[in-house]
Amino acid sequence: MPGGILESFGRMFKNGLKLFVYPMLRDGEVVTVDTVQVEPELQPLYDYLNRRGSFVDWTTTSRTTCRS
């Protein structure tokens, strides 16, 4: 896409898409949606999407929430 990653994410999330994110273990520590470290140039985009509620911590979500 001509707009790169910003245009791609804009198109993906414009209709309320949510990503259900499962925590992972990295170097003995649990990494979650709230503790993940992203590259500095992507931090504003990540913060924006996280504030909008686009990322959902899988461990705090009932599985019935995922069903249509």
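In this text, all values refer to a predicted model and were calculated from it rather than measured experimentally.

What to know about the overall build of the chain
Right, so step 1: Helices and strands together make up the secondary structure of the chain, namely two helices and four strands.
Right, so step 2: Counting from the amino terminus, the chain carries its helices and strands in the arrangement α-β-β-β-α-β.
Right, so step 3: Across the 68 residues in the chain, those meeting the buried criterion constitute 19%.
Right, so step 4: Partitioning the intrachain contacts of the chain with sequence separation of at least 6 by distance along the chain shows that 57% fall at a separation of at least 24.
Right, so step 5: About 5,400 Å² of surface is accessible on the chain, with carbon and sulfur atoms providing 55% of the total.

Quick notes on the layout of surface pockets
Right, so step 1: Taken as a whole, the largest pocket spans an internal volume of roughly 260 Å³.
Right, so step 2: Lining the largest pocket are 16 residues, with Phe9, Val36, Val38, Tyr46 and Phe55 positioned closest to its centre.
Right, so step 3: Of all the secondary structure elements, the ones that give two or more residues to the lining of the largest pocket are α1 (4-13), β1 (19-21) and α2 (43-51).
Right, so step 4: Across the lining of the largest pocket, the residue classes tally to 15 nonpolar, one polar and no charged.

Section: the packing of aromatic side chains
Right, so step 1: Inspection of the entire model under this criterion finds three aromatic pairs.
Right, so step 2: When the ring of Phe20 is compared with that of Trp58, the centres are 6.1 Å apart and the planes differ by 90 degrees; the resulting orientation is edge-to-face. Taken together, the residues span a long stretch of sequence, with Phe20 in strand β1 and Trp58 in the segment after β4 (55-57) at a distance of 38 residues.
Right, so step 3: For Trp58, a relative accessible area of 25% gives the class partly exposed.

Comments concerning the nonpolar core
If you look at soluble globular proteins, the nonpolar side chains tend to sit buried side by side.
Right, so step 1: Phe13, Val33, Leu45, Tyr46, Leu49 and Phe55 together form the largest nonpolar core, which totals six residues.
Right, so step 2: The greatest single-element share of this core, amounting to three residues, is contributed by α2.
Right, so step 3: Apart from the residues within four sequence positions on either side, Val33 is in contact with Val21, Tyr46, Asn50, Phe55, Val56 and Asp57.

The rules behind each value
- Residues numbered from 1 in each chain as written.
- Predicted model: local features only at pLDDT ≥ 70, side-chain atom pairs only at ≥ 80, totals over all residues.
- Heavy atoms only, no water.
- Helix = DSSP H or I, 4+ residues; strand = E, 2+ residues; numbered from the N terminus.
- Buried < 20%, exposed > 50% of the residue type's maximum accessible area, 1.4 Å probe, protein only.
- Contact = heavy atoms within 4.5 Å.
- Areas by Shrake-Rupley, 256 points an atom, 1.4 Å probe, with all protein chains shown as cover.
- 1 Å grid on protein atoms, 1.4 Å probe; cavity = no way out; pocket = protein on both sides within 12 Å on 5 of 7 lines; lining within 4 Å.
- Points joined across faces, edges and corners; volume = space filled by probe spheres on them.
- Nonpolar A, V, L, I, M, F, W, Y, C, P; charged D, E, K, R; others polar.
- Phe/Tyr/Trp six-rings, centres within 6.5 Å; stacked < 30°, edge-to-face > 60°.
- Core = buried A, V, L, I, M, F, W, Y, C linked by side-chain atoms within 4.5 Å.

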